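# Notes for the structure review
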Amino acid sequence: MDSLYLQAWKEGLLTARIEESRALLADCTLCPRRCGVDRLAGELGVCQTGTLAEIASYGPHFGEESVLVGEHGSGTIFFCGCSLTCLFCQNYDISHPVAGSCEAVDAARLGNIMVELQHQGCHNINLVTPSHVIPQILASLPCAIDSGLTVPLVYNCSGYEEIESLKLLEGIVDIYMPDFKFWKGESAKKYAHAADYPEKARAACIEMQRQVGDLKINEEGLAERGLMVRHLLMPHGQEQSREILRFLAESISRNCFVNIMDQYRPCGKIRDFPELQETIAPEDYQAALDMAAEFGLNRLDVKDFGMLMRNLFRT
Ligand code: SF4
């Protein structure tokens, strides 16, 4: 299956989207924060990112979902800054970077990084926290395509998305991977200053499913196209997990590919929130798996520990 962006480039769709998305930077409404700043003139909004995308690191990653990792890894590119800014962020130093800790990349450099990851054998390009740099990602693709990029593009996001921005990616992104974190607006407000997160995440999942459908996995066990949803279990979050899993089953698809993640650990700026200073108990993880089964969600990411160990000790 050819990656979608290749066809979009041939048909001229990608060129149109590059121009359309860049114009948004002048009065930025790319994400639900709708800051209205002129990023082309150097003004910064909540994401603290200007005209150029900034990256913290890139490389083959073996800790992602098994359908992305395969034998040679998922080609992750970690963008600095974030529009959601959860105070418990597990990558707090990347989402809230200090000045000078990130590399600003122009379109050619970002495209070359994608091709370098493909040359390293990565099975896909995994764009981590991409929502605030959609125009910059789109602008990098012609250079990457000219240099031979063919692997699927993965949009690995927080779920806090603006539908108009997702529409710019239609026919270009192959795999969407939002993390649905909060069902209650009061939790999203308290922990991420984003009371509208639940409604935005629900709408985003529906739009992503409309664009790419259920996840398709090839004969080698690798994801090629579709929606896969992450759900990070939160301490004391069982009730919200239940509603999120119910929503995925009833409003997205019972074939929705879901990764229920139990790796929450106390991180970031949670000193004033004792309820977040816990980890997820094995029985809470099992309860979430049981809920998924109850709602008929049976395409769950299963960690291949044999492969993980082989990858850990590879030379
Ligand atoms: S992408 Fe950044 S500047 Fe634009 S609306 Fe979102 S947070 Fe604000």
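Residues numbered from 1 in each chain as written. Predicted model: local features only at pLDDT ≥ 70, side-chain atom pairs only at ≥ 80, totals over all residues. Heavy atoms only, no water.

The next thing to look at is the state of the cysteines. For the structure on display, the rule yields one disulfide. This cysteine, Cys122, is not joined by any disulfide, and Cys143 carries the nearest cysteine sulfur, 17 Å off. (Disulfide = S-S within 2.5 Å.)

Before going further, it helps to examine the UniProt feature "binding site: [4Fe-4S] cluster" (unreviewed entry) in the protein. According to UniProt, the "binding site: [4Fe-4S] cluster" (unreviewed entry) feature falls on Cys82, Cys86 and Cys89. Positionally, Cys82 belongs in the loop between strand S2 (74-79) and helix H4 (92-95). Non-local contacts of Cys82, meaning those with residues more than four positions away in its chain, are made with Val46, Cys47, Ser95, Thr129 and His132. With respect to the element layout, Cys86 can be found in the loop between S2 and H4. Excluding residues that lie within four positions of it along the chain, Cys86 makes contacts with Tyr92, His96, Lys181, Tyr191 and Ala192. (UniProt positions renumbered as here; feature names shortened; annotations may be inferred. Helix = DSSP H or I, 4+ residues; strand = E, 2+ residues; numbered from the N terminus. Contact = heavy atoms within 4.5 Å.)

How two aromatic rings sit relative to each other is given by the distance of their centres and the angle of their planes. This structure, assessed with the given rule, holds eleven aromatic pairs. Each ring, one from Tyr155 and one from Tyr176, has its centre 5.7 Å from the other, and the planes form 75 degrees; the classification is edge-to-face. With Tyr155 in strand S5 (residues 153-157) and Tyr176 in strand S6 (residues 175-178), the pair connects residues that are 21 residues apart, well separated along the chain. Owing to a relative accessible area of 0%, Tyr176 belongs among the buried residues under this scheme. Summarising the aromatic geometry, the rings of Phe182 and Tyr197 are spaced 5.4 Å apart at their centres and angled 85 degrees between planes, so their arrangement reads as edge-to-face. In this pair, Phe182 is assigned in the loop between S6 and helix H8 (185-192) and Tyr197 in helix H9 (residues 197-212), connecting sequence segments 15 residues apart. What makes Phe182 buried here is its relative accessible area of 2%. The class for Tyr197 is buried, based on a relative accessible area of 0%. Within the aromatic cluster, the residues linked to one another by ring pairs are Phe88, Tyr160, Phe180, Phe182, Trp183, Tyr191, Tyr197, Phe247, Tyr264 and Phe273. (Phe/Tyr/Trp six-rings, centres within 6.5 Å; stacked < 30°, edge-to-face > 60°. Buried < 20%, exposed > 50% of the residue type's maximum accessible area, 1.4 Å probe, protein only.)

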